[in-house]
Every structure is written in structure tokens, then in C-alpha cells.
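Descriptive analysis of the structure
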Amino acid sequence: MFYDWDWADRFLKGGRKKYERPLYDRGLRIWKTNKWDADSDINVGYTWNGTTPYVTYHKDGTTTIQGFTYAHGWSALRGYSTRFTIQRYAGITVLQRNFKFYLQEDDAPLSPPKIQGCRTCAQSGLVDGWCWSRTCYDGKLNADGKMYCDTHPEANYIGQLHQYRWHSVPCPHGLSDGHPVTKELVCSTCKGSKKYDYGSKPERMLWNGSPLRLRDGKVIKSAASQLERMIADNVEFVIG
Ligand SMILES: [Zn+2]
Ligand SMILES: [Zn+2]
Ligand SMILES: [Zn+2]
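Cut-off values and rules
Residues numbered from 1 in each chain as written. Chains lettered and ligands numbered in written order. Predicted model: local features only at pLDDT ≥ 70, side-chain atom pairs only at ≥ 80, totals over all residues. Helix = DSSP H or I, 4+ residues; strand = E, 2+ residues; numbered from the N terminus. Rg over C-alpha atoms; globule rule 2.2 N^0.38 Å. Buried ≥ 20, exposed ≤ 12 C-beta atoms within 10 Å, placed from the backbone. Contact = placed C-beta atoms within 7 Å. Pairing = 2+ DSSP bridges. Arc of directions from axis to C-beta. Axes fitted to C-alpha atoms, helices over the stretch in contact; angles between N-to-C directions.

Looking now at the overall build of the chain. The helix and strand inventory of the chain stands at four helices and 19 strands. Against the globule reference of 18 Å for 240 residues, the chain gives a C-alpha radius of gyration of 27 Å, more extended than a compact globule. Taken along its principal axes, the extent of the C-alpha atoms in the chain is 80 × 50 × 35 Å. Across the 240 residues that make up the chain, the buried fraction comes to 21%. In the chain, of all internal contacts separated by at least 6 residues, the share reaching a separation of at least 24 is 57%.

Okay, here's the thing in C-alpha cells:
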């Protein structure tokens, strides 16, 4: 679902007042900048923020996003809900890292691959971890009124089968309690291959939250050239 002026216009026309309506999404509202103008910009935001929207749809099909900064310097983009709102209603991802904000377009170009030895497992393919016993639910009630497991017939003899048809299965070390293991688990970063691609990262743009015009979820070229494009290795979603 891609949200634009046409969608917003239809949505408002389906409401009672035709110029302002709840979005039925986390308390957000949608409203016209000029309620008597049929071609008016249409905004998405929280009315308790005054009239500053996060997303504004224009009749020409473009969209403006902004993450305003309060007088005391706190950016609205620090709120997860703000970033989520921009992502949902403008189709571009906003990421936060170390008090900076980045935009990432869908299908953003990737940096070249950079295959190196896996740093998680020091190129061994294996990591330390915790070995758990497992639970099997394959028990069956036999004619003699006892439970049996076809997969683990030994479970019958050690009296492990319960009326709920489960029993614990010892780990490959023969232990029924969890225990730590050293360099035995397959590394989840490299899947045991000992190599990992530290490149192939999507391009992101540093953004301070000032109003920015998009078309189809992409920053319009003239504006994009003013943003610092970068490959931010360590940019992740930070909740809250
Ligand atoms: Zn079993
Ligand atoms: Zn074990
Ligand atoms: Zn690894």
C-alpha cells in the first residue's frame, strides 16, 4: 500500500467533516492545511503537536516529511512512533544511531561486497554457547495403558513418559540439563562458513529532520544532492 495525496483525499472524503479525520492508527490524525481548498496539502500527525505534521501529501503526487525539533533541542525523530509514522505514510525508512538520523530508501544501492574472515567466531565457524536438552511430544498411548515413544523407545524404560505424552530427550552429550559448550555451536553470523560479507550495505542519507520532498518514497534528486550519502555500518533501528 502506497500512501499519497489521492489516497489521503479519498480517505478524507469518506469522513464526516471532509477536512479532518482520525487515521485509526496510534492516535494519528489527517487534515487539510486549508480546509476550504479542494487541492489543499493534506497532513498526517498528532494534533497535540500543534499543527506540525510528520508527513504532508501534495496534489502533484509528492510528499514532504519532517521531524521537527522542539525548542529545547529534542528532535521528534527520537520517538520510535515518529519514525514509524514516516515509514508507514511516506514509504521511506528512518533510522537512528547515536542521536543522528538516517533515511534509507527501499531498494537503496548497495556498497560493494567485502568478504572477510568472520569476526564473530574468529574464523573458526564455531562459537561458545549453551546446549539444551529437548522435549519430544511424540508419545503415544498403547493398549496396555502406558505411554510409548516410537522415536525414543528408551524413554519408556527410564519412566520419563507422562500422561501429556512428552518426555525430555538428552542432548548429544547425554545430559538432560542445559550446560555451556565451548566452540561447538555453528556461528550464526557466517553459518559456519568462516567468511562473512561485511560490505553490501545499503546507502543511507544523513537527515536532520528538516522538511524534505519525496516522490514514490525516494528523495527528489535536487534535495538528495544536499544530503550526505553514506554507508553507515552500524545504523540500526533503536526502539524508544
Ligand atoms: Zn520421543
Ligand atoms: Zn549437551
Ligand atoms: Zn562466524
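That covers the picture; the talk isn't over yet.
Below, the discussion takes up the pairing of strand β5 (residues 62–65). Side chains Thr63 and Ile65 project from β5 onto a buried face, and the interleaved Thr62 and Thr64 project onto a face without burial. Both β5 and strand β17 (residues 212–215) contribute to a ladder of four bridges, which runs antiparallel. Each residue of the ladder has a partner; that of Thr64, found in β17, is Arg213.

For the rest of this paragraph, the subject is helix α2 (residues 80–90). Those residues of α2 that fall on the buried side of the exposure criterion are Thr82, Arg83, Thr85, Ile86, Tyr89 and Ala90. All buried residues of α2 lie within an arc of 160° about the axis, which places them on one face of the element. Those residues of α2 hidden inside the fold are in contact with β3 (42–45), β4 (55–57), β5, β6 (93–97) and β17.

Right, let's get into the environment of Thr182. Relative to the elements of secondary structure, Thr182 occurs in strand β14 (residues 179–186). Overall, Thr182 belongs to the exposed group, with 9 C-beta atoms counted inside 10 Å. A sequence separation of 55 residues divides Thr182 from Val127, and the C-alpha atoms of the two residues are 6.8 Å apart.

Now for the sheet that holds β3. The strand order β1-β2-β3-β4-β5-β17-β18 describes an open sheet built from seven strands, whose pairing is antiparallel. Of all strands in the sheet, those bounded by a partner on one side alone are β1 (20–22) and β18 (218–219). Along the sheet face, α2 touches β3, β4, β5 and β17 and points at about 20° away from the line of β4.

A two-sided burial pattern is seen for β3, the buried positions comprising Ile42 and Val44 on one face and Asn43 and Gly45 on the other. Across four bridges, strand β2 (residues 29–32) lies against β3 in antiparallel orientation. The residue of β3 that forms the bridge with Arg29 is Gly45. Two strands pair when backbone bridges link them, and β3 and β4 are joined in this way by three bridges, in the antiparallel orientation. Looking across to β4, one finds that Val44 is bridged to Val55.

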